[in-house]
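# Structural features, examined
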Amino acid sequence: MPSRSQMLEHYSAVSGRQVDDIDYYSVLARWKLAVVLEQTYQRGGDAERAAAFGPLVLSLMQEAAELAESSGYRG
């Protein structure tokens, strides 16, 4: 498996896009997924599958917050 930096370098070379603000998109992706899973969790009621999303939502939001705090991105 390539490292994160190797993958970003390859993506940048192949796409021609800048990856300087990748942390912003990583935070956004975690936050958006947490929102979608929270909706599923709330609508699921007593469903066992939906109940499994509760801890995952909290984990994703915590990861997003930690990455946002530790990121050098100040867009």
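Read on for an overview of the structure. Predicted model only: the values in this text are computed from it and were never measured. (Residues numbered from 1 in each chain as written. Predicted model: local features only at pLDDT ≥ 70, side-chain atom pairs only at ≥ 80, totals over all residues. Heavy atoms only, no water.)

## Quick notes on helix 4 (residues 53-70)
Taking 1.5 Å as the rise per residue, helix 4 with 18 residues should run 26 Å; its terminal C-alpha atoms sit 26 Å apart, in good agreement. Those residues of helix 4 that fall on the buried side of the exposure criterion are Gly54, Val57, Leu60, Ala64 and Leu67. On its buried face, helix 4 sits against helix 2 (22-43) and helix 3 (48-51). (Helix = DSSP H or I, 4+ residues; strand = E, 2+ residues; numbered from the N terminus. Expected span 1.5 Å × (residues − 1). Buried < 20%, exposed > 50% of the residue type's maximum accessible area, 1.4 Å probe, protein only. Contact = heavy atoms within 4.5 Å.)

## Structural notes on a nonpolar patch on the surface
A cluster of nonpolar side chains, namely Trp31, Val35 and Met61, defines an oily patch on the protein surface of about 270 Å² accessible area. Counting through the fold element by element, Met61 comes out in helix 4. Of the residues examined, Met61 reaches a relative accessible area of 33% and is grouped as partly exposed. (Patch = residues over 30% accessible without salt bridge, like charges linked within 9 Å, V, L, I, M, F, W, Y side chains within 5 Å. Areas by Shrake-Rupley, 256 points an atom, 1.4 Å probe, with all protein chains shown as cover. Salt bridge = Lys/Arg side-chain N within 4 Å of Asp/Glu carboxyl O.)

## Re the environment of Glu38
Note that Glu38 resides in helix 2. Under the relative-accessibility criterion, Glu38 is labelled partly exposed at 29%. For the pair formed by Glu38 and Tyr24, sequence separation is 14 residues and the distance between their alpha carbons is 21 Å.

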